[in-house]
Amino acid sequence: MAKYERVIVVGGGVGGMTVALALHRAGIPVEVHERHDSFQHHATGFTIWSHAVASLLKLGVSLGSAGQPIEQTEIRNQAGELICQMPVGKISRSLGADSYEMQRDAMLKAIAAELPDGTLHWDSECVGIEEVSGQACVRMADGSQHQADLVIGADGIHSVTRETVAGKVALRPSGYCGAAAVIQFSHPDCPPHTHIDVWGHGGKAGIADIGQGQLRWYTTWKVPRKQHGPEAGRRSKAELLAHLENWYGPIGDIVRATPESQIRQNIPSDIPPITRWFRGRVVLLGDAAHATTPFAAMGANMAIEDAGELADLIVGCDHVEQALEQFQSLRKKRTEGIVKHGRFMARMTQLHSPLAAWLRDQAFLHMPAEEIDKVTKEMASGS
Ligand SMILES: Cc1cc2nc3c(=O)[nH]c(=O)nc-3n(C[C@H](O)[C@H](O)[C@H](O)COP(=O)(O)OP(=O)(O)OC[C@H]3O[C@@H](n4cnc5c(N)ncnc54)[C@H](O)[C@@H]3O)c2cc1C
């Protein structure tokens, strides 16, 4: 292993916290710089599949109260009819670990609990990185500078570190606006340990049990691609409810119960493939390297996969450059495939024509059980 006296991770999100813990477990001195002052800058959740859960458990993370194991994912059409049921619990257990609906902040706190005090630097925003005498020098918004043997850019979709490595990269808006929230709520049609994904025409929606009496929900609608500022496509709560009037009932019910101030809206975007993931002593991972839209439910999973692979290579390679090169060649093809799949899922789950949506629903309704098991296994195992 090359000598590492100081590794800096920019971004205390999913990939950044996971890679920091993996490096710490390997005895490498690491610190994380996060621009916010806590993990709770917005309440949200996501699906973390069995293989990524297994990686976190292997690192000693205690996930007990961070989320809820998923037993099944129900896919329903806009009217609420069940068109497919994925046996996520059964398949995940056969792979050795449950898949989870995870609360983002609780999962990050569980990882942070395994790191020594002083690893995490809050309110610490990176504004640029320079190469200085064979090391990377991170410039912070407060004017301080920090030199390190390696800087890991894990600063998400709006990455600043990406610019150092790959220049300016424009986001590709998906053409949909999304609204989401997490609330304390129960509903007779939202059973525990269940994720309900509703595929409509011109949009989608969903509700998932994320544990501790909380459900997360999301819904999307079409916006012209040229609209992509922070206000583009936004809807008031009343407009959301009007949009959901003819949708599966629990969706409207949960939106109605959500205080408007807690509804978060944005335009999901991804980035085109970038040719380089590293330059000098700076390497990217997670959304900084390969941001994807949430439609394939894989972005956080890929960030966890990246973190494990990068840490293993850092430990296993004699030279930093060798580790970074192998990391890029190992991860690029899979992650680019998932970004493409995310774009496909965006189209397929939100087909505009009611006839096309009906044909899609029929195809899923008649899908053989073995095929459903196969797709579920691919997602849960990350293969
Ligand atoms: C609505 C929605 C639903 C989703 N559902 C799923 C799902 O079901 N399954 C799934 O796998 N993925 C899902 N995703 C995607 C997933 O959230 C991301 O892909 C994942 O969080 C990426 O991890 P990351 O570590 O690369 O970035 P993030 O988790 O976004 O973390 C980046 C961190 O860097 C910090 N940061 C940014 N800039 C700086 C800076 N200059 N200096 C210091 N810190 C900085 C940020 O504050 C943040 O904490 C979803 C995303 C959305 C929006």
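Residues numbered from 1 in each chain as written. Predicted model: local features only at pLDDT ≥ 70, side-chain atom pairs only at ≥ 80, totals over all residues. Heavy atoms only, no water.

(A) Fine view of the overall build of the protein. For the protein, the count of helices and strands is twelve helices and 21 strands. Over its C-alpha atoms, taken along the principal directions, the protein stretches across nearly 60 × 45 × 35 Å. Burial statistics for the protein: of 383 residues in total, 55% are counted as buried. When contacts within the protein are restricted to residue pairs at least 6 apart in sequence, long-range pairs at least 24 apart make up 72% of them. (Helix = DSSP H or I, 4+ residues; strand = E, 2+ residues; numbered from the N terminus. Buried < 20%, exposed > 50% of the residue type's maximum accessible area, 1.4 Å probe, protein only. Contact = heavy atoms within 4.5 Å.)

(B) The arrangement of the domain arrangement of the protein in detail. Domain parsing of the protein yields domain 1 (7–37 + 122–171 + 271–346) and domain 2 (175–267 + 353–381). Its C-alpha centre places domain 1 at a distance of 30 Å from the equivalent point of domain 2. For the domain 1 face of the interface with domain 2, the top three residues by lost area are Phe-295, Met-298 and Ala-346, together amounting to 69%. Linking domain 1 with domain 2 are zero residue pairs in polar contact (both at pLDDT 80 or more). (Domains from an automatic or database assignment. Buried area = accessible area lost by both parts, 1.4 Å probe. Polar contact = N/O pair within 3.5 Å; in protein donor to acceptor, adjacent residues only side chain to side chain.)

(C) Focus on the sheet that holds strand 12 (residues 150–153). Strand order in this open sheet of six strands is 8-2-1-12-21-20, and the pairing throughout is mixed. At either margin of the open sheet sits one strand with a lone partner, and together these are strand 8 (120–121) and strand 20 (278–279). Alignment of strand 2 (residues 30–33) against strand 8, held across two bridges, turns out to be parallel. By the bridge assignment, His-33 is partnered in strand 8 with His-121. (Pairing = 2+ DSSP bridges.)

(D) Summary view of the packing of helix 1 (residues 14–25) against helix 4 (residues 104–112). Running from N to C, helix 1 and helix 4 cross one another at 15 degrees; their axes reach a closest spacing of 9 Å. For the element pair helix 1 / helix 4, the angle class is roughly parallel. In the crossing of helix 1 with helix 4, the sense of the turn from one axis to the other is left-handed. For the pair formed by helix 1 and helix 4, the contact residues are Val-14, Met-17, Thr-18 and Leu-21 on the first element and Arg-104, Met-107, Leu-108, Ile-111 and Ala-112 on the second. Looking at the contact of helix 1 with helix 4, its residues break down into seven nonpolar, one polar and one charged. (Axes fitted to C-alpha atoms, helices over the stretch in contact; angles between N-to-C directions. Parallel < 35°, antiparallel > 145°, perpendicular 65-115°, else oblique. Left-handed = near helix turned anticlockwise from the far one by under 90°. Nonpolar A, V, L, I, M, F, W, Y, C, P; charged D, E, K, R; others polar.)

(E) Quick look at the packing of aromatic side chains. Throughout the structure, instances matching the rule amount to four aromatic pairs. Judged by centre distance (6.1 Å) and plane angle (70 degrees), the ring pair of Tyr-176 and Phe-295 falls under edge-to-face. Here Tyr-176, found in strand 14 (residues 176–184), pairs with Phe-295, found in the loop between helix 8 (287–290) and helix 9 (299–316); they are 119 residues apart in sequence, far enough to count as distant. Considered together, Tyr-176 and Phe-295 belong to a single accessibility category, that of buried residues. (Phe/Tyr/Trp six-rings, centres within 6.5 Å; stacked < 30°, edge-to-face > 60°.)

(F) Representation of a nonpolar patch on the surface in the model. Residues Leu-355, Trp-358 and Leu-359 make up a contiguous nonpolar surface patch of roughly 350 Å² in combined accessible area. Taking the relative accessible area as the measure of exposure, Leu-359 reaches 48% and is therefore partly exposed. (Patch = residues over 30% accessible without salt bridge, like charges linked within 9 Å, V, L, I, M, F, W, Y side chains within 5 Å. Areas by Shrake-Rupley, 256 points an atom, 1.4 Å probe, with all protein chains shown as cover. Salt bridge = Lys/Arg side-chain N within 4 Å of Asp/Glu carboxyl O.)

(G) How the structure looks around the site of the ligand. Of all residues adjacent to the ligand, which total 30 residues, the nearest are Gly-15, Glu-34, Arg-104, Asp-287 and Asn-301. Thr-47 places a polar main-chain atom, nitrogen or oxygen, 2.9 Å from an oxygen atom of the ligand. One of the side-chain N or O atoms of Arg-104 is found 2.7 Å from an oxygen atom in the ligand. Protein contact buries 87% of the 1000 Å² of open area that the ligand shows by itself. Of all the secondary-structure elements, those providing two or more residues to the shell around the ligand are helix 1, strand 3 (45–48) and helix 9. Its residues assigned to classes, the shell around the ligand shows eleven nonpolar, twelve polar and seven charged. (Near = heavy atom within 4 Å.)

(H) Region of interest: the side chain of Arg-331. Inspection of the secondary structure assignment puts Arg-331 in helix 10 (residues 320–348). Since its relative accessible area comes to 3%, Arg-331 is described here as buried. Within the structure, Arg-331 has its side chain in polar contact with the side chain of Asp-306 (distance 2.6 Å). The contact partners of Arg-331, leaving out residues within four places of it in the chain, are Trp-277, Met-302, Glu-305, Asp-306 and Glu-309.

(I) Expanded view of the environment of Val-160. Locating Val-160 in the fold gives a position in the loop between strand 12 and helix 5 (161–166). Along the chain, Val-160 and Leu-313 lie 153 residues apart, while their C-alpha atoms are 24 Å from each other.

(J) Layout of the pattern of salt bridges. Tallied over the full model, the rule gives 22 salt bridges. Arg-172 is paired through a salt bridge with Asp-270; the nearest N and O atoms lie 2.9 Å apart. Remark: Asp-270 occurs in strand 19 (residues 269–270) and Arg-172 occurs in strand 13 (residues 172–173); sequence separation between them is 98 residues. Relative accessible area serves as the criterion here: at 0%, Asp-270 is assigned to the buried category. One network of salt bridges, with partners in common, ties together Glu-305, Asp-306, Arg-331 and Arg-334.

(K) Spotlight on the state of the cysteines. Enumeration over the complete set of coordinates arrives at zero disulfides. Here Cys-84 stays unpaired: no disulfide links it, and the sulfur of Cys-190, its closest cysteine neighbor, is 18 Å away. With no disulfide of its own, Cys-126 lies 9.9 Å from the sulfur of Cys-137, the closest cysteine sulfur. (Disulfide = S-S within 2.5 Å.)

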